[in-house]
Amino acid sequence: AQSVAQPEDQVNVAEGNPLTVKCTYSVSGNPYLFWYVQYPNRGLQFLLKYITGDNLVKGSYGFEAEFNKSQTSFHLKKPSALVSDSALYFCAVRDMRQAGTALIFGKGTTLSVSS
Amino acid sequence: EPEVTQTPSHQVTQMGQEVILRCVPISNHLYFYWYRQILGQKVEFLVSFYNNEISEKSEIFDDQFSVERPDGSNFTLKIRSTKLEDSAMYFCASSSSVLSSTDTQYFGPGTRLTVL
């Protein structure tokens, strides 16, 4: 089965501290992994993706994610959190069971950064 | 920066009525998608569309749903006879290339559909 799990409903971090938002996946074959962010009343904004190559992927707004094949994880990280990073974060994996066009999303993790 | 746009932002309808949700994908993108998010639940894939035909659809996308690209810019989702459980946020997305499995999907702001 193709699935993605975000084990934390909410992550709280103080501004300036590093943040991690966790994601694990289950796929058959090569995983194509994505992170999106959703601000209130906005659509899903693309942050970064892992297709192949370097396990550390850099994306928008200073975010990065580390692909770990042995742990089937793709955690989102940022060295120094900003209050403006507070939002809902979604991890997603391509569903390759059919044409490979669909994304399967996790349930989302709310990141709250306090000043 | 080019964006996917969706209209209306909020649609209220009576059960049994037909609704059409509209999207303008990013210009020169080739693949188009609809997803939905029922309040408090995951974002779920509905359908993908390429070269004027459905590429892939989920089990949610039954005969009540249809998609169309009526002209060179719009992409629409029609729900023929709405049910209460169709109440959700509907997201349109588009991607640029035929390498659909690795390409990035860019999402619109969504249309909130409320069925009374």
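These numbers were taken from a predicted model, which means no experiment stands behind them.

## A short note on the packing of aromatic side chains
- Overall, the coordinates contain 21 aromatic pairs over all chains when judged by the stated rule.
- With centroids separated by 4.0 Å and ring planes inclined at 15 degrees, the aromatic side chains of A:Tyr50 and A:Phe67 adopt a geometry described as stacked. Taken as a pair, A:Tyr50 in strand 6 (residues 44-50) and A:Phe67 in strand 8 (residues 64-68) lie far apart in primary sequence, 17 residues in all.
- Residue classification places A:Tyr50 among the buried residues on the basis of a relative accessible area of 8%.
- On the basis of relative accessibility, which here comes to 6%, the residue A:Phe67 falls in the buried class.
- Ring centres 6.5 Å apart and planes at 80 degrees place the aromatic pair B:Phe91 and B:Phe107 in the edge-to-face group. On the criterion of sequence distance, the pair formed by B:Phe91 in strand 9 (residues 88-95) and B:Phe107 in strand 10 (residues 106-107) is long-range, its members being 16 residues apart.
- Owing to a relative accessible area of 0%, B:Phe91 belongs among the buried residues under this scheme.
- Linked through ring pairs, A:Tyr36, A:Phe46, A:Phe90, A:Phe105, B:Tyr31, B:Tyr33, B:Tyr35, B:Phe45, B:Tyr50, B:Phe91, B:Tyr106 and B:Phe107 together constitute an aromatic cluster.

The rules behind the values
- Residues numbered from 1 in each chain as written.
- Chains lettered and ligands numbered in written order.
- Predicted model: local features only at pLDDT ≥ 70, side-chain atom pairs only at ≥ 80, totals over all residues.
- Heavy atoms only, no water.
- Phe/Tyr/Trp six-rings, centres within 6.5 Å; stacked < 30°, edge-to-face > 60°.
- Helix = DSSP H or I, 4+ residues; strand = E, 2+ residues; numbered from the N terminus.
- Buried < 20%, exposed > 50% of the residue type's maximum accessible area, 1.4 Å probe, protein only.

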